[in-house]
Amino acid sequence: SGDGTDPVARVGAFFEKYWEYGYRSPQIDLPQLNGDMFRWAALAFSAIVGGLGNLSPLEAGMLPPAMCTPVARMFQQIEEGADWPWQALYAKAAFLLKPGGKPGCMGDYRVLLLTSVLYRLWARIRVRQLDQWAQSWHVDGAFGSGPGLGAADVAYQLGMQIEEAL
């Protein structure tokens, strides 16, 4: 923070002071991953661009059902503490200049993160399973962070309010 204080201590003090005011969502128990879940994610994978590693989206969708169970078992082991395969540990970032952005101004770039297809498949399964739970703590008036909720909705809502006021 520049004031010489320990950031870890500052975060701890913040939580000590405000913890009781935080939202507590109900716990969610995710089902164990299985071959059918992996197969669904692989077949629904519409990514055109491959990821890092040796597996392409097209190849993932072509895996025979008998190969999906061992991959799902690997995901289970990772969730229980095993290491990710080295191919899934790396990501590459591409910095894309926003329309009308000023080159060289970091705030005017969007970061596109390229990860492995394996990681994206695992994330697709788990995010889908977390959607309903996340909606249980959605706050009216919040935009983004859910299906059908995007930052553009703010502009549309504001435009409708202005139109109604005229």
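A.B. asks: For this particular structure, what's the right way to read the overall build of the protein chain?
C.D. replies: When you go through the protein chain residue by residue, the secondary structure sums to six helices and two strands. Going residue by residue from the N terminus, the α and β elements of the protein chain occur as α-α-α-α-β-β-α-α. Seen through its principal axes, the protein chain has C-alpha atoms that stretch 60 × 45 × 35 Å. By residue count, 19% of the 166 residues in the protein chain fall in the buried class. Put simply, 61% of the contacts in the protein chain that link residues at least 6 apart link residues at least 24 apart. For the protein chain, the accessible area works out to roughly 12300 Å², and carbon and sulfur atoms hold 61% of it. On the protein chain, the mean spot of the 13 positive side-chain charges and the mean spot of the 16 negative ones are 7 Å from each other.

A.B. asks: Just checking my understanding: could you explain the packing of helix 2 (residues 35-44) against helix 4 (residues 65-79) for this structure?
C.D. replies: For any two helices packed against each other, one specifies the crossing angle of their axes together with the interaxial distance. With their axes 7 Å apart at the nearest point, helix 2 and helix 4 run at an angle of 105 degrees to one another. The angle between helix 2 and helix 4 falls in the class roughly perpendicular. Facing helix 2, whose interface residues are Gly 35, Phe 38 and Arg 39, helix 4 presents Pro 65, Cys 68, Thr 69, Val 71, Ala 72 and Phe 75. The residue inventory of the contact of helix 2 with helix 4, partitioned by class, reads six nonpolar, two polar and one charged.

A.B. asks: When you look at the packing of aromatic side chains in this model, what are you seeing that I'm missing?
C.D. replies: Per the counting criterion, the structure on display carries eight aromatic pairs. Ring plane angle 45 degrees and centroid distance 5.6 Å describe the contact between Tyr 119 and Trp 122, whose orientation is recorded as tilted. Taken together, the residues span about one helical turn, with Tyr 119 and Trp 122 both in helix 5 (residues 117-135) at a distance of three residues. On the basis of relative accessibility, which here comes to 32%, the residue Tyr 119 falls in the partly exposed class.

A.B. asks: I tried to follow the pattern of salt bridges on my own but got confused; where do I start?
C.D. replies: Should the charged atoms of two oppositely charged side chains come close, the side chains can pair. Applying the stated criterion across every chain yields a total of one salt bridge. A salt bridge links Arg 126 to Glu 79; the nearest nitrogen and oxygen atoms lie 2.7 Å apart. Here the residue Arg 126 occupies a position in helix 5, and Glu 79 occupies one in helix 4, the gap between them amounting to 47 residues.

A.B. asks: Honestly, the confidence of the model for the protein chain in this entry has me stumped. Any pointers?
C.D. replies: Low-confidence regions, as indicated by low pLDDT, have predicted coordinates that should not be scrutinised in detail. On average, residues of the protein chain score 85 in pLDDT, and 92% of them reach the 70 mark or higher. For the protein chain, per-element mean pLDDT is lowest for helix 3 (residues 57-62), which scores 81, and highest for helix 4, which scores 93.

A.B. asks: Would you explain the environment of Leu 55 in this entry?
C.D. replies: One can find Leu 55 in the loop between helix 2 and helix 3. Since its relative accessible area comes to 25%, Leu 55 is described here as partly exposed. Remark: the alpha-carbon pair of Leu 55 and Ser 116, spanning 61 residues in sequence, is separated by 7.8 Å. When near neighbours in sequence (up to four residues on either side) are disregarded, Leu 55 contacts Ala 60 and Val 117.

A.B. asks: I would appreciate a short explanation of helix 5 in the present structure.
C.D. replies: An α-helical turn contains 3.6 residues, so any two residues separated by three or four positions project in the same direction. In this model, helix 5 (19 residues) spans 27 Å end to end at C-alpha, consistent with the 27 Å of a helix rising 1.5 Å per residue. The principal kink in helix 5, of about 30 degrees, is found at Gln 129. Taken together, the buried positions of helix 5 are Val 117, Leu 118, Leu 121, Trp 122, Ala 123, Ile 125 and Arg 126. The inward-facing, buried residues of helix 5 abut helix 2, helix 3 and helix 4.

A.B. asks: Before we go on, may I ask you to explain the side chain of Arg 126 in this structure?
C.D. replies: What makes Arg 126 buried here is its relative accessible area of 7%. In terms of polar contacts, Arg 126 uses its side chain to reach the side chain of Gln 129, at 2.5 Å. Residues within four places of Arg 126 in sequence aside, it is in contact with Leu 30, Pro 31, Leu 33 and Glu 79.

Basis of the calculations
- Residues numbered from 1 in each chain as written.
- Predicted model: local features only at pLDDT ≥ 70, side-chain atom pairs only at ≥ 80, totals over all residues.
- Heavy atoms only, no water.
- Helix = DSSP H or I, 4+ residues; strand = E, 2+ residues; numbered from the N terminus.
- Buried < 20%, exposed > 50% of the residue type's maximum accessible area, 1.4 Å probe, protein only.
- Contact = heavy atoms within 4.5 Å.
- Areas by Shrake-Rupley, 256 points an atom, 1.4 Å probe, with all protein chains shown as cover.
- Lys, Arg positive; Asp, Glu negative; His and termini not counted.
- Charge placed at Lys NZ, Arg CZ, Asp CG, Glu CD.
- Axes fitted to C-alpha atoms, helices over the stretch in contact; angles between N-to-C directions.
- Parallel < 35°, antiparallel > 145°, perpendicular 65-115°, else oblique.
- Nonpolar A, V, L, I, M, F, W, Y, C, P; charged D, E, K, R; others polar.
- Phe/Tyr/Trp six-rings, centres within 6.5 Å; stacked < 30°, edge-to-face > 60°.
- Salt bridge = Lys/Arg side-chain N within 4 Å of Asp/Glu carboxyl O.
- pLDDT = per-residue confidence, 0-100.
- Expected span 1.5 Å × (residues − 1).
- Bend = angle between axes of the 7 residues up to and from the residue.
- Polar contact = N/O pair within 3.5 Å; in protein donor to acceptor, adjacent residues only side chain to side chain.

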